[in-house]
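Coordinate inspection notes
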Amino acid sequence: MADRVKFLLDDSRIPRAWYNLLADLPVPLPPVLHPGTHQPLGPDDLAPLFPASLIAQEVSTQREIEIPEPVREIYRQWRPSPLFRARRLEQALQTPARIYYKWEGVSPAGSHKPNTAVPQAFYNREAGIRRLATETGAGQWGSSLAFAGALFGIDVTVYMVRVSYGQKPYRRALMEAWGAKCIASPSPTTAAGRAILAARADHPGSLGIAISEAVEATLATPGTKYALGSVLNHVLLHQTVIGIEAMEQMLLADDEPDIVIGCTGGGSNFAGIAFPYLGRRLRGGRAVRIIAVEPAACPSLTRGRYAYDFGDTAHLTPLVKMHTLGSTFTPPGFHAGGLRYHGMAPLVSHVAQQGWIEARAYPQNDCFAAGIQFARVEGIVPAPEANHAVKAAIDEAVRCREEGVSRSILFNLCGHGHFDMQAYTDYLSGKLQDLTYSEEELAMALAALPSVSSS
Ligand SMILES: *Cc1c(COP(=O)(O)O)cnc(C)c1O
């Protein structure tokens, strides 16, 4: 066992290809459907929104997809990201478990999101696009795309969920510092936004609404394309750089994870760390338990229905089969804003449905307690989203102690919490409430699911 607690790769070891789980699925992913005809979508249907190169990645079943050299060149600024062994956390927990975390907070925007923002900006720029529209929840995606847009000379407009626009003013400042324009959503600038505001002038917004606004703005403005920070296959693909590096670093640590953990909002950082391991298992490799962790206040994987639904509130997006709480669901304004999405990546939903991964949900106070415990021994203050993964890792380590077995636990520490200190202040002063979501509310939002015969 190595004594080092930090496992670093040389930057020549930045992966040369992303890993595509679609290549190894024994059961194929259900098709994406046209919202009007309910027929499987063709590549042309997506052309107004995305450049051809990203559409090709969205449907590709090739196992390895080469990372363009200009993207690797930018990755080099913070990749390979470090992998730490959490020895002090292990000691504090008195656990025989070996706990490792992959630290994605070292990127310029402070999370895993630039791993896909950079290639998305690159491919759009290659296609001659100079303007991108997007949405953001807590602001991590908006700031990541703003950063990538600045590097490639692309104007970025971000529709930011209103409750976060108020809660996280410094994320907005960060987007503006990188040259993006940030608009509180719902906004009067789109028909989708105006319809919501007419019904409720103080609507807190949701990712579903912000997606509608960004898609509408894209379709209405020639020369503009749309970018999404999670959920889609190509986004998950780009994030696999995390897991591919982690695999090599675990070799340096002379260990292999028995359990791999990630938090899930739309599913991208989870997929990033987990899919390379899942793929290896599906190809007959080493068994590994994989755990997705979500907030109890937005429990799509654990309490949602696996059904065809829209990705947005105004129903402008295609229909995808996923675990959903219903596209009209407005998640309560809890603090892990990046996890406040009604649906789940179709690919993550699919592997959950096959029983290849586990899912669990935690209330936010328990997650902040775990984050504080982690910060006091490991030093890093995690993003509220990342606290969900920290909590699950701690629970699994405690279980190892109780069962008297040593397992190796790897989790993705997907971002830092430096822009989320108001949430920590609220937690530390006992002001955070554990919001849950009643069966009636759940049934109501699910009653509005579109009826699709093939589902
Ligand atoms: C955006 C974000 C998430 C949620 O998105 P996923 O696609 O599920 O990864 C989680 N953590 C952080 C730090 C984020 O920025």
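See the structure above.
This section reports on the structure supplied with the text. (Residues numbered from 1 in each chain as written. Predicted model: local features only at pLDDT ≥ 70, side-chain atom pairs only at ≥ 80, totals over all residues. Heavy atoms only, no water.)

**Some details on the sheet that holds strand E7 (residues 155–161)**
Taken in spatial order, the four strands of this open sheet run E8-E7-E6-E9, and their pairing is parallel. Looking along the sheet, the strands with just one partner apiece sit at the ends: strand E8 (181–185) and strand E9 (224–226). For this sheet, the mean angle separating the axes of adjacent strands, direction not counted, is 25 degrees. Of the pairings in the sheet, the one linking strand E6 (residues 131–136) to E9 comprises three bridges and is parallel in character. Note that in E9 the partner of Leu132 across the bridge is Lys225. Packed onto the sheet, helix H6 (residues 140–152) meets E6 and E7 and runs at close to 160 degrees relative to E6. (Pairing = 2+ DSSP bridges. Helix = DSSP H or I, 4+ residues; strand = E, 2+ residues; numbered from the N terminus. Axes fitted to C-alpha atoms, helices over the stretch in contact; angles between N-to-C directions. Contact = heavy atoms within 4.5 Å.)

**Concerning the site of the ligand**
Lining the immediate environment of the ligand, one finds 17 residues, of which Lys113, Ser230, Gly265, Ser268 and Asn269 sit closest. Take Asn269: an N or O atom from its side chain is 2.7 Å from an oxygen atom of the ligand. Taking 380 Å² as the accessible area of the ligand by itself, protein coverage stands at 97%. When the residues that make up the shell around the ligand are grouped by side-chain class, the tally is four nonpolar, 11 polar and two charged. (Near = heavy atom within 4 Å. Polar contact = N/O pair within 3.5 Å; in protein donor to acceptor, adjacent residues only side chain to side chain. Areas by Shrake-Rupley, 256 points an atom, 1.4 Å probe, with all protein chains shown as cover. Nonpolar A, V, L, I, M, F, W, Y, C, P; charged D, E, K, R; others polar.)

**Some remarks on the pattern of salt bridges**
According to the stated counting rule, one finds 22 salt bridges in the structure shown. The partner of Glu90 in a salt bridge is Arg85, with the nearest N and O atoms 2.8 Å apart. For Glu90, a relative accessible area of 7% corresponds to the buried category. Here the residues in one salt-bridge network are Arg79, Lys102, Glu104 and Glu245, joined through shared partners. (Salt bridge = Lys/Arg side-chain N within 4 Å of Asp/Glu carboxyl O. Buried < 20%, exposed > 50% of the residue type's maximum accessible area, 1.4 Å probe, protein only.)

**A few points about the packing of aromatic side chains**
Scanning all chains against the criterion turns up 13 aromatic pairs. Among the aromatic residues, those joined into a ring-pair cluster are Tyr75, Trp78, Phe147 and Trp178. The cationic tip of Arg172 hangs over the ring face of Tyr165; the distance from NZ or CZ to the ring centre is 4.0 Å. (Phe/Tyr/Trp six-rings, centres within 6.5 Å; stacked < 30°, edge-to-face > 60°. Lys NZ or Arg CZ within 6 Å of the ring centre and 35° of its normal.)

**Quick look at the packing of helix H16 (residues 364–378) against helix H18 (residues 421–428)**
One can describe the packing of H16 onto H18 by two numbers: an axis separation of 11 Å at closest approach and a directional angle of 105 degrees. Judged by the inter-axis angle, H16 sits roughly perpendicular to H18. Note on element contacts: H18 touches H16 through Ala423, Tyr424, Tyr427 and Leu428, opposite Asn365, Phe368, Ala369, Ile372 and Arg376. (Parallel < 35°, antiparallel > 145°, perpendicular 65-115°, else oblique.)

**Some points on the sheet that holds strand E4 (residues 83–85)**
The sheet built from seven strands is open, its strands ordered E1-E4-E5-E15-E10-E11-E14 with mixed pairing. Strands at the two margins of the open sheet, each flanked by one partner only, are strand E1 (6–7) and strand E14 (358–362). As paired elements, strand E11 (residues 289–295) and E14 share five bridges and run parallel to each other. Residue Ile291 lies in a different strand from E14, and its bridge partner there is Glu358.

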